[in-house]
Structure formats: structure tokens, C-alpha cells
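Per-entry structural report
These are the residues of each chain, in order.
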Amino acid sequence: MELEGKSVVVTGAAAGIGNAVVELFLDNGANVVAVDTQGERLENLCEEWADKPGRVVAFVGDVSEEATTDGMIDAAIENFGTFDVLVNNAGVMDDNTAIGDMSDEMMEHVFAVNTYGPMRAMRKAVNAFVALNPDAEEDDETIGSIINIVSVGAVHQTAGASYCASKGALLSATKNTAFMYIHKGIRCNAICPGGIITDLPITMPTANDFGFSRTSELLVHSSLLGMPEDVANAALFLAKDDSHFINGAVLNVDGAWTVF
Ligand SMILES: NC(=O)c1ccc[n+]([C@@H]2O[C@H](COP(=O)([O-])OP(=O)(O)OC[C@H]3O[C@@H](n4cnc5c(N)ncnc54)[C@H](O)[C@@H]3O)[C@@H](O)[C@H]2O)c1
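Just so it is clear, the structure is predicted and the values come from calculations on it, not from any experiment.

Thresholds, definitions, all that
Residues numbered from 1 in each chain as written. Predicted model: local features only at pLDDT ≥ 70, side-chain atom pairs only at ≥ 80, totals over all residues. Heavy atoms only, no water. Near = heavy atom within 4 Å. Polar contact = N/O pair within 3.5 Å; in protein donor to acceptor, adjacent residues only side chain to side chain. Areas by Shrake-Rupley, 256 points an atom, 1.4 Å probe, with all protein chains shown as cover. Helix = DSSP H or I, 4+ residues; strand = E, 2+ residues; numbered from the N terminus. Nonpolar A, V, L, I, M, F, W, Y, C, P; charged D, E, K, R; others polar. Patch = residues over 30% accessible without salt bridge, like charges linked within 9 Å, V, L, I, M, F, W, Y side chains within 5 Å. Salt bridge = Lys/Arg side-chain N within 4 Å of Asp/Glu carboxyl O. Lys, Arg positive; Asp, Glu negative; His and termini not counted. Charge placed at Lys NZ, Arg CZ, Asp CG, Glu CD. Core = buried A, V, L, I, M, F, W, Y, C linked by side-chain atoms within 4.5 Å. Buried < 20%, exposed > 50% of the residue type's maximum accessible area, 1.4 Å probe, protein only. Contact = heavy atoms within 4.5 Å. Axes fitted to C-alpha atoms, helices over the stretch in contact; angles between N-to-C directions. Parallel < 35°, antiparallel > 145°, perpendicular 65-115°, else oblique. Left-handed = near helix turned anticlockwise from the far one by under 90°. Phe/Tyr/Trp six-rings, centres within 6.5 Å; stacked < 30°, edge-to-face > 60°. Pairing = 2+ DSSP bridges.

1. Looking at the site of the ligand
In the region of the ligand, 29 residues are neighbours, and I17, D36, N89, Y163 and T198 sit closest. At 2.6 Å, a side-chain N or O of D36 approaches an oxygen atom of the ligand. In the model, an oxygen atom of the ligand is placed 2.8 Å from a nitrogen or oxygen of the K167 side chain. Notes on the ligand: free accessible area 830 Å², of which the protein chains cover 92%. Of all the secondary structure elements, the ones that give two or more residues to the shell around the ligand are α1 (16–27), α5 (161–180) and α6 (200–203). Of the residues contributing to the shell around the ligand, the split by class is 13 nonpolar, 12 polar and four charged.

Written out as C-alpha cells, the structure is:
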């Protein structure tokens, strides 16, 4: 059990990648606050996970609201007495629109969930790590770890302008945070999944014809798809203390889709 006793918050926990991260972390002895908007599905999963080595607490909320991004970290501290790892995973796709067709509504919604929510959670997490470790010395080993589930779309044009820009901004915030707290024992890394088999294509809005005709050209570089567990394994590695010297890194989990 590689995360025994660690207190973790995982967003987007009721499906896909987030679900796999929670399960793997619980199996490795972590205590997890599992966050999602889908209350019933989340509560059912938490009942199924009750016999795992780690404890799980359901937190129903929308990460685009500060009450959720603050409240979920407070819940970890209240329930488990400490807080060690934040996995910012919840995210939404756009409709593949190029910027000429993009609506303000789509842009604002995608940024609210994919960028502003995770950044508010990072702010809360960093301040909690420092407050919970008042005796930490400069250059101490990890006092807290942030793992952002970004996307290869942060760098490659796998979706519309809103999605790619929202993930690009989150990637920058990841590196900025790693840099700012380099001597404070706070690590911040990004995982960039490629095509992973989840509900995301089902829940995404109907694709814009022009935008989709452009993004689908990238599929010529790979037809390989990964599983949520492939991403969860990468998150486990970054959550462990063994990866203490890995900070500000971008780990692609894309089956080499983007090496062209
Ligand atoms: N699946 C892929 O191919 C892929 C590729 C690259 C990046 N990603 C990223 O991985 C992350 C997870 O994606 P997934 O494929 O598992 O998606 P998914 O749709 O299968 O699951 C996402 C979960 O997040 C929850 N969620 C959505 N909006 C939320 C909000 N505002 N507040 C709280 N919870 C919310 C959903 O209810 C759902 O349970 C996302 O950030 C996504 O951008 C996925």
C-alpha cells in the first residue's frame, strides 16, 4: 500500500479517470474525499468502496464554485486530520468549435470548470499545505502534491478553441505553481492524457462540423486508446513520496499519439 494514511481530494470522481484514481488510491491505503456533481452515482460508488483499505467520503459539488473547491479541502482536513494530495481531474469538453464559431457561453463554461475551478482548488491546497506544516523548513521534502489532469489538447489541437485554451492555461498554472513553491516542498505536476475510453465523448456537446473536420485529422497519427487505469497509475506514481524530485513535469499518457 503505497499511499497509506495520505489524505487526498479527487474531483470528477464518479466516472472515467477520476473513478479509476479514487479506486486505485483507496486500494493503496489513501483516505479520499471524492468530489462530483453526480450525487447519486457518487454516493453509490462510495458505498461500493466502503470495504477498501482507505476511507472514502463523498462530497457532492460543482468545481466551478468556490464553495466546492474550498469545501472539499476543508472536508479532507476535518475527516482525516490532514491533507496531502489534490487531484484536479473534473473537466468538460467543448463542441470542437474553432474560434470564429465559438459562443461566449461555451468559452465561459469550459474555463469555469477546466481552469478557474482547478486554480481556486490549487490556491486553497497550497495555503492548506503551508498551514498544516508550520515547522517545514526551506527545501524540505514534499509537504503537499498537486496533480492536474490536463490533456494533450493543452499543446496539440485535439479539440476546440475553448477546451485547448482552458487546458493550456491549466498547464501554465501547473508550471507556475511548481516554480513559485520550489523551496517550499510543494510539488505540482501535470498528466496529459490522449484518447482514453470514458464517458467524455458521450457527455460532450454535439460537435461543430467545421471544427470536428479539423480535429479529426489528428486521428491519423494514432488509433490507440487507453483506459482510465492507465492515467490512474501515472497519478499514483506522482502522488507517492518516491517521486519527490519530480516537480513541474508534464507526463503524457497518450500511447505516443503526439510524438509526430
Ligand atoms: N477521456 C479522454 O480521452 C481525456 C483526454 C484528455 C484529457 N482528459 C481529461 O481527463 C479528465 C477526466 O475526463 P474523463 O474522460 O474521465 O471524463 P468523464 O466525463 O468520463 O468523467 C468526468 C467526471 O467529472 C464530473 N464533472 C464534470 N464537471 C464537473 C464539475 N463542474 N464539478 C464536479 N465534477 C464534474 C462528471 O460528473 C464525471 O463524473 C478531464 O479533465 C478531461 O478533460 C480526458
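2. Looking at a negative patch on the surface
Where like charges cluster on the molecular surface, the negative patch consists of D135, E137, D139, D140 and E141. Turning to its location among the elements, E141 is positioned in the loop between α4 (104–132) and β5 (144–149).

3. What to know about the nonpolar core
Within the largest apolar cluster, 34 residues are counted, with the highest numbers of intra-cluster contacts made by V22, F25, V32, V87 and I191. Contributions of two or more residues to this core are made by β1 (7–11), α1, β2 (31–36), α2 (39–48), β4 (85–88), β5 and α8 (228–239). Each residue touching I191, except ones within four places of it in the same chain, is listed here: I147, N148, I149, V150, S151, V231, A234, A235, L238, L251 and V253.

4. Re unusual backbone geometry
A negative phi angle characterises most non-glycine residues, just as the trans form characterises most peptide bonds. Unusually for a residue other than glycine, N96 sits at a positive phi of about 70°. You can see N96 is positioned in the loop between β4 and α4. Here the phi dihedral of A256 falls at roughly 70°; this positive angle occurs in a residue that is not glycine. Residue position: A256 is located in the segment after β7 (250–253). Residue classification places A256 among the partly exposed residues on the basis of a relative accessible area of 43%.

5. Structural notes on the side chain of S166
Residue placement: S166 occurs in helix α5. The class of S166 is buried, set by a relative accessible area of 0%. The residues contacting S166, other than those within four sequence positions of it, are V110, F111, N114 and T115.

6. Things to note about the environment of F59
Structurally, F59 can be placed in strand β3 (residues 56–60). Counting along the chain gives 153 residues from F59 to F212, while the straight-line C-alpha distance between them is 35 Å. Filtering out sequence-adjacent residues up to four positions away, F59 remains in contact with V33, A34, V35, D36, L42, A67, T68, G71, M72 and A75.

7. Considerations on the packing of α1 against α8
Between α1 and α8, whose axes approach to 8 Å, the crossing angle comes to 50°. Overall, the two elements α1 and α8 adopt an arrangement that is oblique. Considering the relative orientation of α1 and α8, their crossing is right-handed. Judged by residue contacts, G16, I17, A20, V21, L24 and F25 of α1 engage P228, E229, V231, A232, N233, A235, L236 and A239 from α8. The residue makeup of the contact of α1 with α8, split by class, is 11 nonpolar, two polar and one charged.

8. What to know about the packing of aromatic side chains
Aromatic rings considered in pairs are described by the distance between their centres and by the relative angle of their planes. Scanning the model with the defined rule gives two aromatic pairs in all. The interplanar angle of 15° and the centroid separation of 5.0 Å between the aromatic rings of F83 and F129 together place this pair among those described as stacked. With F83 in the loop between α3 (66–80) and β4 and F129 in helix α4, this pair connects stretches of sequence that are 46 residues apart. Taken individually, F83 and F129 each receive the classification buried, so the pair is uniform in this respect. Look at F111 and Y116: their rings are 6.0 Å apart centre to centre, the planes differ by 45°, and that puts the pair in the tilted class.

9. Digging into the sheet that holds β1
Spatially, the seven strands line up as an open sheet ordered β3-β2-β1-β4-β5-β6-β7, and their pairing is parallel. Strands with a single pairing partner mark the edges of an open sheet, and in this sheet they are β3 and β7. Strand-to-strand twist of the sheet, defined as the mean angle between neighbouring strand axes without regard to direction, takes the value 15°. In this structure, strand β6 (residues 186–193) lies alongside β7, joined through four bridges in parallel fashion. The partner of I191 across the bridge, within β7, is L251. Set on the sheet, α1 makes contact with β1, β2, β3, β4 and β6; between it and β1 the angle comes to about 165°.

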